[in-house]
Amino acid sequence: MATLITGASAGLGAGFARAFAAKGHDLILTARRGDRLEILATELRATGVRVDIFAADLADPAAPATLLANVAAAGLSVDTLVNNAGFGMNGAVADLDSAQQLGMVDLNCRALVALSRGVLPAMVAAGQGGILNIASTAAFQPGPWMSVYYATKAFVLSFSEALHEEVKDQGVRVVALCPGPTRTEFADVAGMGDSALFQRFASDPETVVADGLKALAANDAVKVSGTMNAVAAGMIRLTPRGIARRVSGSLQKTRK
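Fair warning: this is a prediction, and the values are worked out from it, not measured in the lab.

> Before we go on, may I ask you to explain the environment of Gln170 in this structure?
Along the chain, the position of Gln170 falls in the loop between α5 (147–167) and β6 (172–178). Since its relative accessible area comes to 36%, Gln170 is described here as partly exposed. For the pair formed by Gln170 and Ala125, sequence separation is 45 residues and the distance between their alpha carbons is 8.5 Å. With near-sequence residues (within four places) excluded, Gln170 lies in contact with Val124, Gly127 and Gln128.

> So what exactly am I meant to see when it comes to the pattern of salt bridges here?
Opposite charge on two side chains makes pairing possible when the charged atoms of those side chains draw close. Under the definition given, this model contains four salt bridges. As a salt-bridge pair, Arg18 and Glu43 come within 2.7 Å of each other at their nearest N and O atoms. Of this pair, Arg18 sits in helix α1 (residues 11–22) while Glu43 sits in helix α2 (residues 34–45), and the two are 25 residues apart along the sequence. We classify Glu43 as partly exposed; its relative accessible area is 38%. Between Arg45 and Glu38 there is a salt bridge whose closest N-O contact spans 3.0 Å.

> Is there a simple way to explain the pairing of strand β1 (residues 2–6) in this structure?
Look at any regular strand and the pattern is simple: side chains alternate between the two faces of the sheet. Among the five residues that make up β1, five are buried, leaving the element largely enclosed by the rest of the structure. Neither face of β1 is open: one carries Ala2, Leu4 and Thr6, the other Thr3 and Ile5, and all of them are buried. Relative to strand β2 (residues 26–31), β1 runs parallel, the two being bridged by five bridges. If you follow Ala2 over to β2, its bridge partner there is Asp26. Between the parallel elements β1 and β2, the chain passes through α1 in a crossover that is right-handed. Two strands pair when backbone bridges link them, and β1 and strand β4 (residues 78–83) are joined in this way by four bridges, in the parallel orientation. The residue bridging Ile5 from the neighbouring strand is Val82, located in β4.

Reading guide: rules and limits
- Here the residue numbers are simple positions, counted from 1 along each chain's written sequence.
- Thresholds applied to this predicted model are a pLDDT of at least 70 for local features of residues and 80 or more for the giving and counting of side-chain atom pairs; totals over whole chains, interfaces and linings are not thresholded and use all residues.
- The basis for the side-chain values is all heavy atoms of the structure; hydrogens and waters are excluded.
- Elements are defined by DSSP. Helices are runs of H or I of four residues or more, strands are runs of E of two residues or more, and each kind is numbered from the N terminus.
- In this scheme, a residue with accessible area under 20% of its type's maximum is buried, one over 50% is exposed, and one in between is partly exposed, where area comes from a 1.4 Å probe on protein chains only.
- Only heavy atoms matter for contacts: two residues are in contact if any of them lie within 4.5 Å across the pair.
- Salt bridge, as applied in this entry: a Lys or Arg side-chain nitrogen positioned within 4 Å of an Asp or Glu carboxyl oxygen.
- Whether two strands pair comes down to DSSP finding at least two bridges between them.
- Classification remark: right-handed applies to a crossover when, strands pointing away from the viewer, the course from the first strand over the helix to the second runs clockwise.

Right under this line is the structure:
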């Protein structure tokens, strides 16, 4: 049995890989960049765990099924899935590239559902297993100027909470981890790594990873990483939607 981690070549994905390896878990790592996966795999194999890598672009709708087929063909089984792969883009919907925005939906949502569905039957049959889906504090409100990204994370949160309820009595744990801004490559890809707001409030990835592992062990349906983030997420649920979207949009503009 092994832990499958998507988006494992950098950032939170690599952090989760190191954390699970430290606990003695064998690993199945996937990301687009096979060269970086191989470097990480070499590092982690030195700790004594088995590490299998499968380079894949999960934004391709066919990729999740192909990945799971390759995992099965290698004689591997998944007892923990970390759906970490994802990206964001900063800008107006009308201005951003259409194909990239649709690819964001495919990666952040479609691939996550496909992989979750792919591993669930075996977990339910075994009466054990875990799925950790990386959502975001963006999931709690609409986000003008990052509209598609915020919407995908709202999907991840809703899907994860519902799935948690479906399988909690069958021995399978499902958790939505909701970090705020985190110091990873994500910010640079999204075009907001240089913003003062991000630099001031971003969390360390190690803290987010630790919160995710604790939440998965406790089977918390939702875990917001960071005290300030948890307070803000709680407050936004009590805020009228019109105010929430205007505040969110104003923050996004300062990140541009």
